[in-house]
Every structure is written in structure tokens, then in C-alpha cells.
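As a plain string of letters, each chain reads:
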Amino acid sequence: MEPRETKLYGRRAFFGVTAVGLSSLVWGRSAWQAVSSATQPFTDALPAGLIPSGWRIYTVASSMPRFDPATWRLTIDGLVERPQTFDYDQLLALPSAAQVSTFHCVTGWTVSNVHWRGVRFGDLLAAAGPHPEASMLTFTSAEQPYVDTLTFDQARLPDAMLAYEMDGKPLSRPHGSPVRVVIPDMYGYKGVKWVERITLGTAAEPGYWEQRGYDTDAWVGRSNGF
């Protein structure tokens, strides 16, 4: 089914950056299909009304990952005593937290009063037993090649979490189902969606957007966002 309207967006599209593989809004084909052969167009058009008002959904791949509760697993590995693998039900059984916060995109738009529910990183990592020298968390998305990192201190912020619900419902596919990173003090590109692996280490490998010029520490109003 074709959406009622097609919109084309890309990170920094409004600022003339065309030399690297930029993402596009998933309501239509990539705005960058004609710009770079390295950028894959997103062709799975979403039905009108699927995206809540105010949101713009970006992708860096040709399609969004699909969540199958029967096969999905979250792996926690790296500098830990006991590597962990959670299925969806096991993740939901961990202590949960809820919050209301504002989502900030680096391109300048925001969505206020977003209701999130998920797991604080301290509760998520407890069973794994992080090594004392572990200082970084690397989040790997099922949307390859998207990765990004947080320091332990950033992940311990009181409103940082791995979320599995938004506005009272399980995360939808466009919003990263089944789990995504939420850290309201930072721009949205740090909020990795479709998370399937968390690796603990000592060094911050450049994330997908950091490799393309964005700040590693994406503090709202204090980094190179617009």
C-alpha cells in the first residue's frame, strides 16, 4: 500500500552534506539515491499513520530489521565475568523502569512527553558481572552497519535505559523493536535501535555517525548538532 504522502529527509540534508552515506526518512525512497551509490534506498514504504505525529524515522540500510520473538536474542559480552544471552521474555522479567522525556534529533526537531519503559543498564548488566576495567558499552544494531557507544558514566545516568515500550505499547518496528537505547540528554543518533548485542570494553570505537563527523559525546545543545 502506498502512503498518502512521500517525504524525503536525510541527516544534515538541510545543511548540504552530500559526501558521505546519509540516512533517509523511511516514508519514501532515499533522498540520497542519486547522490551516492554507497547509500542504499529504503523501499519498504510505511502505511500512513504508522509513525506517531512529530517523528521522523531514519534508516541507514535498505530495510528495517524485523523482530521475531521466537528467535531474537540479546547478547552481552566483552569484558564480563559471565557473558549473557537474553530472550525477549527474560528481558521483560528484569526489573523495569518508566519515564517521560523529550527526544532530540541532531537535525533540530524534538518530540516531547515520550513515555518509555525498559531496563536500566545497571540491572541489565548485573548478571554479566562487568570487569573493573570495563568503561565503555558498544551497542550493535541488527540494522547493519549501525553501532554506537556510551561510557559507563553515561549509561548510568538516571534516565538512560534499554527501552522496550514507547507510549504504553511495545516498540514498533520503525522505533527499533524490540529494544533500543534511550538517553534523553543526548541526540537521537546515540539511541541505537534494534539492539542485538552489547559489548563491554575499554575504548570507544567510532560509531556509525561519528565516522561521518558527528561528536562521540552527543550532548543536547553542547555538541556539533544543529
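Keep in mind that this is a model prediction, so the values were computed, not measured.

Rules of the game
Residues numbered from 1 in each chain as written. Predicted model: local features only at pLDDT ≥ 70, side-chain atom pairs only at ≥ 80, totals over all residues. Heavy atoms only, no water. Salt bridge = Lys/Arg side-chain N within 4 Å of Asp/Glu carboxyl O. Helix = DSSP H or I, 4+ residues; strand = E, 2+ residues; numbered from the N terminus. Buried < 20%, exposed > 50% of the residue type's maximum accessible area, 1.4 Å probe, protein only. Phe/Tyr/Trp six-rings, centres within 6.5 Å; stacked < 30°, edge-to-face > 60°. Lys NZ or Arg CZ within 6 Å of the ring centre and 35° of its normal.

**Describing the pattern of salt bridges**
A complete count under the given rule lists four salt bridges for this structure. The shortest N-O distance in the salt bridge between Asp77 and Arg197 comes to 2.3 Å. A residue pair is termed long-range when its members are at least 10 positions apart, and Asp77 in strand β3 (residues 74-78) and Arg197 in strand β12 (residues 195-201) qualify at 120 residues. Residue Asp77 is classed as buried on the basis of its relative accessible area of 17%. For Arg197, a relative accessible area of 32% gives the class partly exposed.

**Quick notes on the packing of aromatic side chains**
Taken as a whole and judged by the stated rule, the model has 11 aromatic pairs. Ring plane angle 75° and centroid distance 6.1 Å describe the contact between Trp55 and Trp109, whose orientation is recorded as edge-to-face. With a gap of 54 residues between them, Trp55 in the loop between β1 (24-25) and β2 (58-59) and Trp109 in the loop between β5 (97-104) and β6 (110-119) connect regions that are remote in the sequence. When sorted by exposure, Trp55 lands in the same class as Trp109, which is buried. Aromatic side chains Phe67 and Trp72 sit 6.1 Å apart centroid to centroid with 85° between the ring planes, which places their arrangement in the edge-to-face category. For Phe67, a relative accessible area of 24% gives the class partly exposed. What makes Trp72 buried here is its relative accessible area of 10%. Here a set of aromatic residues connected by ring pairs shows up, and it is made of Tyr146, Tyr189, Tyr208, Trp209 and Tyr214. Stacked on the ring of Tyr208, the Lys or Arg Arg212 has its end atom at 3.8 Å from the ring centre.

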